[in-house]
Amino acid sequence: MKRLEEVVTSLQQELQQIQKSRTKEYVSWPWVCAKVMRILCEYPSGVTRAILLSELHQALQANSWRTKGAMFLRDGHTAHKRTEIASMLDCRSIAYSDVLDVTVTQCYDIPGTTTKLVLLTDSANTHDSRGIEMYLHKKFYEKLEDLMSYPVRMTCNRLLPAEGTPNSSLLRLLPSEHVVIVLPLRDTCNLEDRFVPINSVDQSTVCEPGCYISNVIAEVAKIGTEEVVHCFDGTAFRRLVVQLKDIASVLTPLVLWDSYINFVRLFQEGDVLYLEKPYAKPSVNGSFCLEYGPGTVIYMKPFQPGHEMVCTQQSHKAVSVPVVKTLDGKLDFSTYLYQLHIQEVVPNLINVTLMSLCTCVSEREFFSTGGGGCSSERFKLELSDSSTSSISVVVEDPTHKIFKTLHANQCLVLEGLSTCAGDNGRTMMSCNIGTGGRIYNVSCLPGRLLTPYVCDHKTLAEACISDDVEFTTMVTLVSWDNASSPVQLHHSLCGHSSRKAGYMMTCDHCRTTEQLFVDGFRGTSVAVNADSSFCVDSGTDTRWVWMFSLVAVIEDKSGERLKMSFTSIAATSLLGCLPNDFADLCNDERVGMLESIIGKELLLCVSKVVGGFQVNLACRKP
């Protein structure tokens, strides 16, 4: 793990130097770490340092727009893709959901018509000055001065070949009503004279069936989710409610219908909206709700996140680093410059990335998330890192894929963590795989084991005296120690080995006994104890699964020999055969497959465990 930390830090510093020569942007350690993990997953046969750096540099260039005022929707809302005009012209296409941040530089009439064309250039891309013409929507004809004074954010765009022009390949954008005029953060733009706070609107002036009211100012408090409204005549409409709040934090709903729902791509929670000519309707509670009408125009002042200075220890000296503070007072560590260690973790953090050692994996429990049955699982990990501190992480995994790969003393990278204060005063962490959290089992990544740049292979003698709990090595397999029983049945819920007597299966660890159908181990099992807390693992077709339990004698080039046990994943990667398929083979086929590995040079990722060594991953030397 120490070598991997050094590699990520070195790559971050190198990318930082590249960025300094181009922009003033910085490269965060969590971003580099997460990208390295993804690259190692995408290249299971390994990569060179040059390819790794090239992939990171390309990802950095593609990601550079994020720090140039691009929009991100928080609290469960995903960021929408921003498209640059240069990219749109090169591809000659634009998605209906893409967002454009542009500047209106010119406006002119089409001869013989009243139609206006505006020339748009990209607000962020200063390296490509190409622009594109757009037919201006008629509702903005009276807003030309504002359109040409401030940046514009727009969506729901469509391209059309420009007919009647000498250049037949020229493209134009069709009119779009989904436009927001972006105001500068500090300048008031003299709009206070034209807009009033939403709480100053006289509710008695809002009458049935609705009317346009005076221009109002309000802050986006919460963006709801889209829903379908069914009417008595059989028609259906899509609706989304955006909660606006005034200076007294009184909420007023802004209801968006059908195509106007696309406006939520253009602002986020915390932004201040200046609504010109909003349409108001009375509500049942005596108040009113707002709607976007044909005459409504939206100005928007982007949310300026607060920052809090966080002190960290770097190179034996204290350094203060600014961290974004969210609307609910939490610190967002997604752009934290340095590596965060466990001893620095405090409550109320989000988007934390940790590289740590898993010291313990608790038993998992299954629970329903509303759909009935066992739709998700929860388990706890104990983590430690080079700071010698430890912390607990509660993992919720609806995919049922992570738990079966985890063992003690494996190196993990966890992404998208959040923290809170525990009952005993100890900081607790959580990782929800269903809402964007990720866990990379570095000890089981073939891409890492087969990339010499990120591995520091040790001899067996060096590994025995080293303080490193997890290491990689290059060895030769001498013999199998338990070739007579290479696979065993395990209880899929707790992961412990089980014993069979007739058609009864018993797990002594959790004291569960079940009766099997006549078709054998791979059939569906029926619980005898009828304990509803034990559910069939959604990742298997039975509670009792075959798993490898191999032990081998290995030898390195110095002649040092050790006995090591293989995890089921390590044995599967080495033999190229799943345990249940191996169990179906006859004895001669099993022996032949095992003997074919003897004498081969292998690359191993090994962890020190109580009573010996555990092989997490095994690959044949290329």
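Calculation criteria
Sequence positions are assigned chain by chain, starting from 1 and proceeding in written order. Under the rules for a predicted model, residues below a pLDDT of 70 receive no local features and side-chain atom pairs below 80 are neither given nor counted, while totals for whole chains, interfaces and linings still include all residues. Excluded from the side-chain calculation are hydrogens and water; included are all heavy atoms of the structure. Starting at the N terminus, helices and strands are each numbered in turn, a helix being any DSSP run of H or I of at least four residues and a strand any DSSP run of E of at least two. Given the number of residues in a helix, its expected span is that number minus one, multiplied by 1.5 Å. Exposure classes here rest on a 1.4 Å probe applied to the protein chains alone. A residue is buried below 20% of its type maximum, exposed above 50%, and partly exposed in between. By this definition, two strands are paired if DSSP reports at least two bridges between them. Each axis is a line fitted through C-alpha atoms, taken for helices only over the stretch in contact, and angles between the N-to-C directions span 0 to 180 degrees. We call two residues in contact when some of their heavy atoms are within 4.5 Å. Pairing of N or O atoms within 3.5 Å defines a polar contact, subject to two protein rules: one partner must be a possible hydrogen donor and the other a possible acceptor, and residues neighboring in sequence count only if both atoms are side-chain atoms.

Student: Looking at this structure, I do not really get helix H2 (residues 29-42). What am I missing?
Tutor: An α-helix turns once every 3.6 residues. As a result, residues three or four positions apart point the same way. Between its first and last C-alpha, H2 extends 20 Å over 14 residues, near the 20 Å set by a 1.5 Å rise per residue. Burial analysis of H2 places 10 of its 14 residues in the buried class, which makes it a mostly covered element. By the burial criterion, the buried members of H2 are Trp29, Pro30, Trp31, Val32, Cys33, Ala34, Val36, Met37, Ile39 and Leu40.

Student: Please clarify how the sheet that holds strand S39 (residues 612-620) should be interpreted in this entry.
Tutor: Each strand in a sheet pairs with its neighbour through backbone hydrogen bonds, running either in the same direction (parallel) or in the opposite one (antiparallel). An order of S29-S36-S37-S39-S38 is seen for the 5 strands of this closed barrel, with the pairing classed as mixed. For this sheet, the mean angle separating the axes of adjacent strands, direction not counted, is 55 degrees. Sheet strands touched by helix H8 (residues 568-575): strand S29 (470-480), strand S37 (561-566), strand S38 (601-609) and S39. Its angle to S39, the strand with the most contacts, is close to 30 degrees.

Student: Help me out: how do you make sense of the side chain of Glu377 in this one?
Tutor: With respect to the helices and strands, the residue Glu377 is situated in strand S24 (residues 376-384). Residue Glu377 is classed as buried on the basis of its relative accessible area of 0%. Of note is the side chain of Glu377, whose polar atom sits 3.0 Å from the side chain of His400. The residues contacting Glu377, other than those within four sequence positions of it, are Arg364, Glu365, Phe366, Phe367, Val395, Glu396, Asp397, His400 and Phe403.

Student: Is there a simple way to explain the pairing of strand S2 (residues 116-122) in this structure?
Tutor: Burial analysis of S2 places 7 of its 7 residues in the buried class, the great majority of the element. The alternating pattern of S2 places Lys116, Val118, Leu120 and Asp122 on one face and Leu117, Leu119 and Thr121 on the opposite face, and all of these are buried. Of the strand pairs in this sheet, strand S1 (residues 100-109) and S2 are connected by 7 bridges, and their pairing is antiparallel. Bridge assignment links Val104 to a residue of S2, and that residue is Leu120. Pairing between S2 and strand S3 (residues 131-135): 5 bridges, direction antiparallel. Across the sheet, residue Val118 finds its bridge partner in S3, namely Met134.

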